[in-house]
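Coordinate analysis (summary)
Residues per chain are reported as follows:
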Amino acid sequence: MRFGVFLAPYHEPGQNPTLALERDLDLIVLLDRLGFDEAWVGEHHSTGWETIASPELFLAVAAERTRHIRLGTGVVSLPYHHPLMVADRIVLLDHLTRGRLNFGVGPGGHLTDARMLGIEPGLLRPRMAEALDVIMRLLTETEPFSHESEWFSLTDAVLQLRPYQDPHPPLAVTSMESPAGMVLAGRHGAGVLSLSVARGPRGPIDLREHWRVAEEAAQGAGRTIRREDWRLVVPLHLAETRQRALDEARAGGAAYILDYAEGVTGRPRPVPGPRDALIDQMVELGAWVIGTPDDAIAAIERLRERSGGFGGLLVVGHEWAAPDATARSWELLARDVVPRFQGSLAGIEASNEVARASSALTGEERVAAVEAAQRAYESGRGGA
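Presented here is an overview of the structure given in this document. What you see is a predicted model; the values in this text were computed from it and never measured.

So, the overall build of the protein
- A count of helical and extended segments in the protein gives 13 helices and 14 strands.
- Taken along the three principal axes of its C-alpha coordinates, the protein extends 100 × 55 × 45 Å.
- Within the protein, buried positions represent 49% of all 384 residues.
- Contacts in the protein between residues far apart in sequence, at least 24 positions, make up 72% of those at least 6 positions apart.
- Looking at the protein, you have 39 positive and 52 negative side-chain charges, and the mean spots of the two groups are 2 Å apart.

And the structure:
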């Protein structure tokens, strides 16, 4: 299982925006050092909370500061851009990162973005689907082609720079409450970024049913999709004790629900409150993982059961706790949780078990060897 961050990012208005962006970069550097697999960065143009307008530019800087971690657009809002421009930027970044790029796409994160651009909300998903069809042709074909749409046109279009990765950077499509993203992912044989794994407007999300929709769409398009390319996105904060984790993230988690999700995006609060009890209620609902590494391991196992299996866990990049507590949470995740799901402890535990099983014999052999050496030494001295 791959682990990483889904970095919108979320910063409460009123902070120095330059420093906030620097903290986002520092987080990706930390995750690279801790051995995390992926960092996905979003595109937003409004609300005052999410201030990265171009994930491609941000990731280009992050690429220069990191060595191993894969970097993903999480996501490019396709209806906001001419498809040729998106394809060109992605291919360029694919080369600049030497193939460390993942290509995530979506219809747009905020209706306030679409409103500024004069795009009707009902047009976002069909335009995304049309744009993605064109982008995939640009990434995979070298024969020039033309395309006429109500919102863009192409004439003898071909990318002069081909993708660095073969055949192109791994593709992932966002999915939230509706099955639309799963249908599109299946149609292209793409990965999935499930941004809502707990509850939507119609009640709890049926992850198994969502995956069935994707498989059905893939079969209809003659494609295949793989569960290992399915990533679930969850809010998480860890500490040495459950109560400490809850207390550290209590104020920040409440601000996210009330001041951002409800107050800015218009989403109804998923739990009744009051403010100080929101984090406890979200944990009880199963929407957030706040607690110890053992709590996280149990929560991931529950997600495996609910979904039928998935290949990646992305933690929402938030600042609900103080910087040192947030860094400690990531370290606990890397140290105590990630190895349980990546097989990296199998040899260590097997070797330890062998040694423990023979510890008594090892002790006897050690004493016998020391005694033999002592006798040999004493014999040698006597002979001299």
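Moving on from the coordinates now.
A closer look at the pairing of strand 11 (residues 230-234)
- Judged by how many residues are buried, strand 11 sits mostly within the fold: five of five residues are covered.
- Of the two faces of strand 11, the one holding Trp-230, Leu-232 and Val-234 and the one holding Arg-231 and Val-233 are both buried throughout.
- Bridge analysis of strand 8 (residues 191-194) against strand 11 gives three bridges, and the strand direction is parallel. Within strand 11, the residue paired with Leu-193 across the bridge is Arg-231.
- Of the pairings in the sheet, the one linking strand 11 to strand 14 (residues 312-316) comprises four bridges and is parallel in character. When the bridges of strand 14 are listed, Leu-232 appears paired with Leu-313.

Looking at the nonpolar core
- The biggest cluster of nonpolar side chains holds 81 residues, and the ones touching the most others in it are Ile-28, Phe-36, Leu-78, Phe-103, Trp-330 and Leu-333.
- Take this core: its biggest share by element is nine residues, from helix 5 (residues 124-140).
- Excluding its chain neighbours within four sequence positions, the residues that come into contact with Ile-28 are Leu-7, Ala-39, Val-41, Phe-58, Ala-62, Thr-66, Ile-69 and Leu-71.
- Val-75, Ala-172, Ala-245 and Ala-287 belong to the second-largest nonpolar core, a separate cluster that totals 29 residues.

Topic: empty space enclosed by the protein
- A complete count under the given rule lists one cavity of 30 Å³ or more for this structure.
- Of the pockets and cavities examined, the largest cavity occupies roughly 80 Å³.
- Lining the largest cavity are Leu-27, Leu-236, His-237, Val-315, Val-316, Gly-317, His-318, Thr-326, Ser-329, Trp-330 and Leu-333.
- Among the elements that line the lining of the largest cavity, the one with the most residues is helix 11 (residues 323-342), at four residues.
- Here the lining of the largest cavity is built from residues that sort into six nonpolar, five polar and no charged.

Some points on a nonpolar patch on the surface
- Taken together, the side chains of Leu-92, Leu-96 and Leu-161 present a nonpolar region at the surface, about 260 Å² in accessible area.
- Mapping Leu-96 onto the fold places it in helix 3 (residues 83-96).

Some thoughts on the side chain of Asp-32
- Take Asp-32: it is sitting in helix 1 (residues 17-34).
- For the buried Asp-32, which has no salt bridge, the nearest side chain bearing the opposite charge is Arg-100, at an N-O separation of 5.1 Å.
- Looking at Asp-32, its side chain comes within polar contact range of the main-chain nitrogen of Arg-67, at 2.9 Å.

Brief notes about the packing of aromatic side chains
- Under the counting rule described, the total for this entry stands at 11 aromatic pairs.
- With 5.3 Å between their ring centres and 90° between their planes, Phe-36 and Trp-330 make a pair best called edge-to-face. Of this pair, Phe-36 sits in the loop between helix 1 and strand 2 (38-41) while Trp-330 sits in helix 11, and the two are 294 residues apart along the sequence. As far as the burial class goes, Phe-36 and Trp-330 line up, both buried.
- With a centroid separation of 4.8 Å and an interplanar angle of 15°, the aromatic rings of Trp-211 and Trp-230 are classed as stacked. Placement of the pair is Trp-211 in helix 7 (residues 207-220) and Trp-230 in strand 11, with a sequence separation of 19 residues.
- Every member of this aromatic cluster is reached through a ring pair, and the members are Tyr-10, Trp-49, Tyr-256, Tyr-260, Trp-288 and Trp-320.
- Arg-137 extends its terminal NZ or CZ atom over the ring of Phe-145, reaching a point 3.9 Å from the ring centre.

Quick notes on the sheet that holds strand 11
- Taken together, the eight strands give a closed barrel; going around it, the order is 1-2-3-4-7-8-11-14, and neighbouring strands pair in parallel fashion. This sheet shows a mean twist of 25° between the axes of neighbouring strands, independent of strand direction.
- In the packing of helix 1 onto the sheet, contacts are made with strand 1 (2-7), strand 2 and strand 3 (70-77), and the angle to strand 1 comes to roughly 175°.

Structural notes on the layout of surface pockets
- If you add up the space inside the second largest pocket, you get close to 310 Å³.
- What lines the second largest pocket is a set of 18 residues, and nearest its centre among them are Arg-23, Leu-27, Glu-319, Pro-323 and Thr-326.
- Elements with a minimum of two residues in the lining of the second largest pocket: helix 1 and helix 11.
- In terms of residue count, helix 1 provides more of the lining of the second largest pocket than any other element does, five residues in total.
- Considering only residue class, the lining of the second largest pocket consists of 10 nonpolar, four polar and four charged.

Observations concerning the packing of helix 2 (residues 55-65) against helix 3
- With their axes 11 Å apart at the nearest point, helix 2 and helix 3 run at an angle of 5° to one another. The orientation of helix 2 with respect to helix 3, classified from their angle, is roughly parallel. Note on element contacts: helix 3 touches helix 2 through Arg-89, Ile-90 and Leu-93, opposite Glu-56, Leu-59 and Ala-60.
- When grouped by side-chain class, the residues that make up the contact of helix 2 with helix 3 number four nonpolar, no polar and two charged.

Thresholds applied
Residues numbered from 1 in each chain as written. Predicted model: local features only at pLDDT ≥ 70, side-chain atom pairs only at ≥ 80, totals over all residues. Heavy atoms only, no water. Helix = DSSP H or I, 4+ residues; strand = E, 2+ residues; numbered from the N terminus. Buried < 20%, exposed > 50% of the residue type's maximum accessible area, 1.4 Å probe, protein only. Contact = heavy atoms within 4.5 Å. Lys, Arg positive; Asp, Glu negative; His and termini not counted. Charge placed at Lys NZ, Arg CZ, Asp CG, Glu CD. Pairing = 2+ DSSP bridges. Core = buried A, V, L, I, M, F, W, Y, C linked by side-chain atoms within 4.5 Å. 1 Å grid on protein atoms, 1.4 Å probe; cavity = no way out; pocket = protein on both sides within 12 Å on 5 of 7 lines; lining within 4 Å. Points joined across faces, edges and corners; volume = space filled by probe spheres on them. Nonpolar A, V, L, I, M, F, W, Y, C, P; charged D, E, K, R; others polar. Patch = residues over 30% accessible without salt bridge, like charges linked within 9 Å, V, L, I, M, F, W, Y side chains within 5 Å. Areas by Shrake-Rupley, 256 points an atom, 1.4 Å probe, with all protein chains shown as cover. Salt bridge = Lys/Arg side-chain N within 4 Å of Asp/Glu carboxyl O. Polar contact = N/O pair within 3.5 Å; in protein donor to acceptor, adjacent residues only side chain to side chain. Phe/Tyr/Trp six-rings, centres within 6.5 Å; stacked < 30°, edge-to-face > 60°. Lys NZ or Arg CZ within 6 Å of the ring centre and 35° of its normal. Axes fitted to C-alpha atoms, helices over the stretch in contact; angles between N-to-C directions. Parallel < 35°, antiparallel > 145°, perpendicular 65-115°, else oblique.

Note that all results are geometric; they support no functional claim without further evidence.
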